[in-house]
Amino acid sequence: MTDDGRSDEAVAVVERYARFARDEAPGRSALYAEWAGGVAADAEVAAILARIPGTRRQPPLVFAVTRMPGAPEETFPVWAAWLRAHADEVVAEASRRRLQTNEPQRCAALLPALATIERPIALLELGASGGLCLFPDRYSYRYRSSDGVAVLDPADGPSSVVLECDVTGDPPLRMPRVVWRAGIDLDPLDAADAGDRRFLTSLVWPGEGGRAERIAAALDVAAADPPLLLAGDASDPGVLHAAAALAPAGATLVVTTPGVLPHIPRAGRERLIEAVHALDAVWITIDPPGLHEWWHPPVDAGTWAGFVLGRDGEALAAVDPLGGFVHWRAWRGEGTDAAG
């Protein structure tokens, strides 16, 4: 308890939301910047959010949980009044949810790495959420470069999900052949469930034009042919190896970790990477350049322009973490289907 009567948890809320308003939301969502700044300055609202467990009260998660049942996307005083009237409901819902952003646009960054694999692919995603990144072969792509636009569509025609991406270099661009798809998540989401669909679209920040519509279209793709989604901790080698054992023979097992590793504590992250390397599998990941020491040759985090798209620890490209660009570098791999 502080001298002014605030709990330590409330102080933590104020500090976290002030940082979000100052460093994270500007340039991406003016509304979220305003709401977070308002929370940091409103002791009553901060005290409400302090009732949510510390691991479940990240600003994007709490704001999404309020928007799900209809919090008005208006000024902070209007939103705060709604929150006070629905405090118990918000605390309960946020306490059971996790930050599970599931952006199908990431497939635009993953596809060049998947294109290095010629054999049929058994795709296993860790941290799969609703499984929207398990359908790279069901989406359409438009890769823009100085040479024009490379168009990729599924074999049965253009998809309702069209992913646009800027590219430099000369990445391989062709549709992967996915014959099996599965994911592991602590709390998998169901693309056909109305509540889960609403949650995933609510995780889109206000002001991010087109994302909610793209996610909704990808949810329709996933609901039409649901992947195998397993509840469990992928950093547990037993869980990971049991899931990998389900992959069909004759396909190259490809394990993907697109953006999930930063959300796993370091010990679990290192354990997970070691377990992936122990599999007869190709590992494709999208990570911040300084997140781990598995890059070969080492990546200079200070000069790397973006996140790293990697295959078995080899840096293939600098990419936007949400799939907006791919700056390809020459791939040194000797075989297109060699496992990690």
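Every residue gets a number counted from 1 within its own chain, in the order that chain's sequence is written. Per-residue local features of the predicted model are confined to residues with pLDDT of at least 70, and side-chain atom pairs are confined, for both listing and counting, to 80 or more; whole-chain, interface and lining totals are unaffected and use all residues. To get the side-chain values, all heavy atoms of the structure are used, and hydrogens and water are removed first.

Enquirer: I'd like a rundown of the overall build of the protein, residues and numbers included.
Expert: Only DSSP runs of H or I with at least four residues qualify as helices, and only runs of E with at least two residues qualify as strands; both kinds are numbered from the N terminus onward. Looking only at helices and strands, the protein has eleven helices and eleven strands in total. Radius of gyration (C-alpha) of the protein: 21 Å, near the 20 Å computed for a compact globule of 340 residues. Overall, the C-alpha framework of the protein stretches about 65 × 40 × 40 Å when taken along its three principal axes. Remark: exposure states derive from per-residue accessible area (1.4 Å probe, protein chains only) relative to the maximum for the residue type, with buried under 20%, exposed over 50%, and partly exposed in between. Out of the 340 residues in the protein, the part that is buried amounts to 53%. Two residues qualify as a contact provided that any one of their heavy atoms is within 4.5 Å of a heavy atom in the partner residue. Long-range pairs, those at least 24 residues apart, make up 69% of the contacts in the protein with a sequence separation of at least 6. Surface accessibility follows the Shrake-Rupley procedure with a 1.4 Å probe radius. Residue values consider only the protein chains on display as shielding. Roughly 14100 Å² of accessible area belongs to the protein as shown, and the carbon and sulfur atoms make up 52% of that amount. Radius of gyration here uses only the C-alpha atoms, and the compact-globule reference equals 2.2 Å multiplied by the residue count raised to the power 0.38.

Enquirer: Talk me through the sheet that holds strand 6 (residues 228-231); I want residue IDs and the actual numbers.
Expert: Only strands that DSSP links by at least two bridges are regarded as paired with each other. Across the sheet, which stays open at both edges, the eleven strands sit in the order 3-2-4-11-10-9-8-7-1-5-6 with mixed pairing between neighbours. Of all the strands in the sheet, just strand 3 (148-152) and strand 6 have a single pairing partner and so form its edges. Strand-to-strand twist in this sheet, taken as the mean axis angle between neighbours without regard to direction, amounts to 25°. Packed onto the sheet, helix 7 (residues 106-114) meets strand 1 (121-126), strand 2 (140-145), strand 3, strand 4 (162-168), strand 7 (252-258), strand 8 (282-287), strand 9 (307-311), strand 10 (314-319) and strand 11 (325-328) and runs at close to 80° relative to strand 2. To obtain each axis, a line is fitted to C-alpha atoms, and for helices this fit is confined to the stretch in contact; angles are then taken between N-to-C directions over 0 to 180 degrees.

Enquirer: I'd like a rundown of the packing of helix 4 (residues 59-67) against helix 6 (residues 87-96), residues and numbers included.
Expert: At a closest axis distance of 9 Å, the pairing of helix 4 and helix 6 adopts a crossing angle of 125°. As summarised for this structure, helix 4 and helix 6 are arranged oblique, according to the angle between their axes. Crossing of helix 4 against helix 6: the hand is right-handed. Between helix 4 and helix 6, the residues in contact are L61, V65 and T66 and V90, E93 and A94, respectively. Here the contact of helix 4 with helix 6 is built from residues that sort into four nonpolar, one polar and one charged. An angle below 35 degrees is treated as roughly parallel, one above 145 as roughly antiparallel, one from 65 to 115 as roughly perpendicular, and anything else as oblique. Note on convention: near helix rotated counterclockwise from far helix by under a right angle means a left-handed crossing. Clockwise means right-handed. Only Asp, Glu, Lys and Arg are considered charged, only Ala, Val, Leu, Ile, Met, Phe, Trp, Tyr, Cys and Pro nonpolar, and every remaining residue, Gly among them, polar.

Enquirer: Report on the pattern of salt bridges, specifying residues and quantitative values.
Expert: Whenever Lys or Arg places a side-chain nitrogen within 4 Å of a carboxyl oxygen from Asp or Glu, that contact is recorded as a salt bridge. Taken as a whole and assessed by the stated rule, the structure comprises 22 salt bridges. Notably, a salt bridge pairs E73 with R67, separated by 2.9 Å at the nearest N-O pair. A residue is classified by how much of its surface remains accessible, and E73, at 45% relative accessible area, is partly exposed. For R67, a relative accessible area of 10% gives the class buried. Between R96 and E93 there is a salt bridge, and its shortest N-O distance comes to 3.2 Å.

Enquirer: Account for the nonpolar core, naming residues and giving values.
Expert: For this analysis, a nonpolar core means a set of buried residues of the types Ala, Val, Leu, Ile, Met, Phe, Trp, Tyr and Cys, connected via side-chain atoms within 4.5 Å. Formed by 82 residues in total, the largest nonpolar core has its most connected members in L49, W79, Y139, Y141, I284 and L309. Y139 has contacts with P104, C107, L132, L152, P154, S159, V161, L163, M175, A218 and V221, leaving out every residue within four places of it along the chain. The next biggest cluster of nonpolar side chains, apart from the first, holds 25 residues, and it includes I184, A247, L261 and L279.

Enquirer: Mind laying out unusual backbone geometry, listing which residues take part and the relevant values?
Expert: With an omega dihedral of -5°, the bond running from H296 to P297 counts as a cis peptide bond. In this structure, P297 sits in the loop between strand 8 and strand 9.

Enquirer: Can you tell me about the pairing of strand 1, naming the residues and giving the values?
Expert: Of all the six residues making up strand 1, six are buried; the element is thus mostly covered by neighbouring parts of the structure. Taking every second residue as pointing to the same face, both faces of strand 1 are buried, with I121, L123 and E125 on one and A122, L124 and L126 on the other. Two strands pair when backbone bridges link them, and strand 1 and strand 5 (residues 178-185) are joined in this way by six bridges, in the parallel orientation. The residue bridging A122 from the neighbouring strand is W180, located in strand 5.

Enquirer: Account for the packing of helix 8 (residues 194-202) against helix 9 (residues 211-224), naming residues and giving values.
Expert: Interaxial distance between helix 8 and helix 9 falls to 9 Å at its minimum, and their mutual angle equals 150°. It follows from the interaxial angle that helix 8 and helix 9 lie roughly antiparallel. Relative to helix 9, helix 8 is oriented so that their crossing is right-handed. Residue-level contacts link R197, L200 and T201 of helix 8 to A212, I215, A216, L219 and D220 of helix 9. When its residues are assigned to classes, the contact of helix 8 with helix 9 shows five nonpolar, one polar and two charged.

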